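Structural overview for review
Chain residues, written in single-letter form:
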Amino acid sequence: DAGVIQSPRHEVTEMGQEVTLRCKPISGHDYLFWYRQTMMRGLELLIYFNNNVPIDDSGMPEDRFSAKMPNASFSTLKIQPSEPRDSAVYFCASSLGQAGSPLHFGNGTRLTVT
Amino acid sequence: AQKVTQAQTEISVVEKEDVTLDCVYETRDTTYYLFWYKQPPSGELVFLIRRNSFDEQNEISGRYSWNFQKSTSSFNFTITASQVVDSAVYFCALSEAGNNAGNMLTFGGGTRLMVKP
């Protein structure tokens, strides 16, 4: 079975540009998560969805960040406009609905904003 | 609020040494789950193990073993006879079953393990 698929693997953009990160979760998983990893803050949850509905977006840093899940097999994380401090590795993960199910992570998107 | 602490930022050992990675957690829930993930230099996050709060039995998988002690809120990870391929950052994480938390994970800061030949 394919794991969580993220694209692109690397993204380099200039400050002020719009960035869209994409994620395809594992088929049959009910939950989808977006995490960000930086040296300063470690792994932090940005937002998660249950059955395509956003449940908790309290980790989204600013209004410049938005996430959507139009169907069970696709999610996007958009940053508009991007800033250098957004540079990080962004991970998407998915899990089954059962409590305690482990999260399965994609390979991440390394975003660099210059 | 939940919290996971990995006090060891970085550990360096020589191959074949045993090494223990510490993890201490805080939660108000009586039902919760603890996890360990491995992040090798290639960057992906790999799930290693999950324990639930009602099962304090230690677990062994090959060279890996885990010691869960509720009395000290700890979930430590030991690698026996370490190998160079064990070099990675290891994350301990917690998810709470209550408060409609879903399966969201709170991660510790990670411990970078370097195994030298």
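Our structure is the block above this text.
What counts and what doesn't
Residues numbered from 1 in each chain as written. Chains lettered and ligands numbered in written order. Predicted model: local features only at pLDDT ≥ 70, side-chain atom pairs only at ≥ 80, totals over all residues. Heavy atoms only, no water. Helix = DSSP H or I, 4+ residues; strand = E, 2+ residues; numbered from the N terminus. Rg over C-alpha atoms; globule rule 2.2 N^0.38 Å. Buried < 20%, exposed > 50% of the residue type's maximum accessible area, 1.4 Å probe, protein only. Contact = heavy atoms within 4.5 Å. Areas by Shrake-Rupley, 256 points an atom, 1.4 Å probe, with all protein chains shown as cover. Pairing = 2+ DSSP bridges.

Brief notes about the overall build of chain B
Within chain B, the secondary structure is distributed over zero helices and 12 strands. Secondary structure elements of chain B occur, N-terminal to C-terminal, as β-β-β-β-β-β-β-β-β-β-β-β. The C-alpha atoms of chain B give 14 Å as radius of gyration, which agrees with the globular expectation for 117 residues (13 Å, within 12%). Taking all 117 residues of chain B together, 50% fall into the buried category. Sequence separation of 24 or more characterises 57% of the internal contacts of chain B that already satisfy a separation of 6 or more. Of the roughly 5700 Å² of accessible surface on chain B, a fraction of 47% belongs to carbon and sulfur atoms.

Details of the pairing of strand S4 (residues 31-38) of chain A
Residues and elements named next belong to chain A. The element S4 is largely enclosed, with a buried count of eight among its eight residues. Going residue by residue along S4, you find Tyr-31, Phe-33, Tyr-35 and Gln-37 tucked away on one face and Leu-32, Trp-34, Arg-36 and Thr-38 tucked away on the opposite face as well. Relative to strand S5 (residues 42-50), S4 is paired through eight bridges, and the arrangement is antiparallel. The residue of S5 that forms the bridge with Tyr-31 is Asn-50. The antiparallel hairpin formed by S4 and S5 contains three residues in its connecting segment. Pairing of S4 with strand S9 (residues 88-95) involves seven bridges; the strand directions are antiparallel. If you follow Leu-32 over to S9, its bridge partner there is Ser-94.

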